[in-house]
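# Summary of structural features
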Amino acid sequence: MSLNADQIKEVKNQGFLINRGTELFSGRIITGNGVLTAAELKTACEAAEKFGNGNLTFTTRQTVELPGIPYEKIPEFKQFVTERGLSVGGTGRRVRPIVSCKGTTCIYGLHDTQEMATEAHERFFKGYADVLFPHKIKISVGGCPNNCVKPDINDIGIMGQRIPIVNTEICKSCKKCKVEAVCPMNAAVKSDMIVIDKEACVQCGRCSDKCPFGAVTGETTLYKIFIGGQWGKHRYLGYELSRLFERAEVMDIIESSMLFFKKEGKTGERFRQTIDRVGIDTAEKIITSKKLLDQKEEIIKME
């Protein structure tokens, strides 16, 4: 059979992308937080052998694509994976699959990134599945300033932060300061007492438990939020919102950012262009006020 453009577009909207020079497709399986169980991966492998060419490829957004699926086999493929608890999709002018680092298990991770990504997946990827935005929205959840999943080049990015707290009354002015030695940014400097250079400090939390006398602590994790990052033919680092946020605030800020884009964006422009057109100061003021959350139902219905 010879496929037409409408057929190709229809299945692309379902998460099936045509393989170049063929009438075969890659089916995109979604992970809620970058994690698949062994049973889920086994299902994907079985599907690859049964419907595709036997290969699996892993995307930069932590989805799994199975190439070589014939057009006429797509409905059967969808039924096979969904009956086993997997889902397909992740294309179009929608919230794209949430990306997360392994902050849950990484020794540098400052918070449970996979738990946060799972919540974002349920609330935004699934909860907004039928909502079209001016363009795609990419969300990334990072555990620390190591920046492995690059939250600052996503439309909306989260980065764990831990602010060092210095108690000079406890500092013993050790000849070899363990806090100074461990700081990767050379932000911890000991003269008479330990001092943290706030301009150099990236709030990575490495120093929070290194002083044997407890002179430097920082157990509370806060969150830096970026908006308007973009990577591709046009590249922009996201704007950092001007304060850090507590865990209870993060999801509302993400949703408020999405609603701002839905309301103010023009079809075809990325979130960054919307922010620049409106102005970052105005955008931040509106987003952090969270007033758009009260207008959610009205905004979602906007064309």
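Attention in this report is confined to the structure presented alongside it. (Residues numbered from 1 in each chain as written. Predicted model: local features only at pLDDT ≥ 70, side-chain atom pairs only at ≥ 80, totals over all residues. Heavy atoms only, no water.)

## Section: helix α8 (residues 280–289)
Looking only at α8, the buried set comprises Ala 283, Glu 284 and Ile 287. Looking straight down α8, one finds its buried side chains confined to an arc of 95°; they lie on one side. Facing away from the buried side of α8, by more than 90 degrees, are the exposed residues Asp 281 and Lys 285. The elements touched by buried residues of α8 are β12 (221–227), α6 (247–264) and α7 (271–278). (Buried < 20%, exposed > 50% of the residue type's maximum accessible area, 1.4 Å probe, protein only. Helix = DSSP H or I, 4+ residues; strand = E, 2+ residues; numbered from the N terminus. Arc of directions from axis to C-beta. Contact = heavy atoms within 4.5 Å.)

## A closer look at the sheet that holds strand β13 (residues 239–240)
Strand order across the open sheet formed by five strands is β5-β6-β7-β12-β13, with mixed pairing between neighbours. Two strands lie at the open edges of the sheet, namely β5 (99–100) and β13, each paired on one side alone. Bridge count for β12 against β13 is two bridges, and the pairing is antiparallel. Among the inter-strand pairings, Phe 226 is bridged to a residue of β13, identified as Glu 240. (Pairing = 2+ DSSP bridges.)

## Focus on the nonpolar core
By size, the foremost hydrophobic cluster in this structure holds 35 residues, and its most contacted members are Val 95, Phe 124, Ile 139, Ile 254 and Met 258. Within the residue set of this core, elements represented by two or more residues are α4 (113–126), β6 (139–142), β7 (156–162), β12, α6, α7 and α8. Considering every element that reaches this core, the biggest residue donor is α6, with eight residues. Ignoring any residue separated from it by four or fewer positions in sequence, one finds Ile 254 in contact with Phe 124, Ile 139, Ile 156 and Ile 158. In this structure, Ile 29, Phe 51, Tyr 71 and Val 88 belong to the second largest nonpolar core, which totals 19 residues. (Core = buried A, V, L, I, M, F, W, Y, C linked by side-chain atoms within 4.5 Å.)

## Looking at the side chain of Thr 113
Note on placement: Thr 113 falls in helix α4. Apart from residues lying up to four places away in sequence, Thr 113 is in contact with Ser 100, Cys 101, Lys 102, Gly 103, Thr 104, Val 141, Gly 142 and Gly 143.

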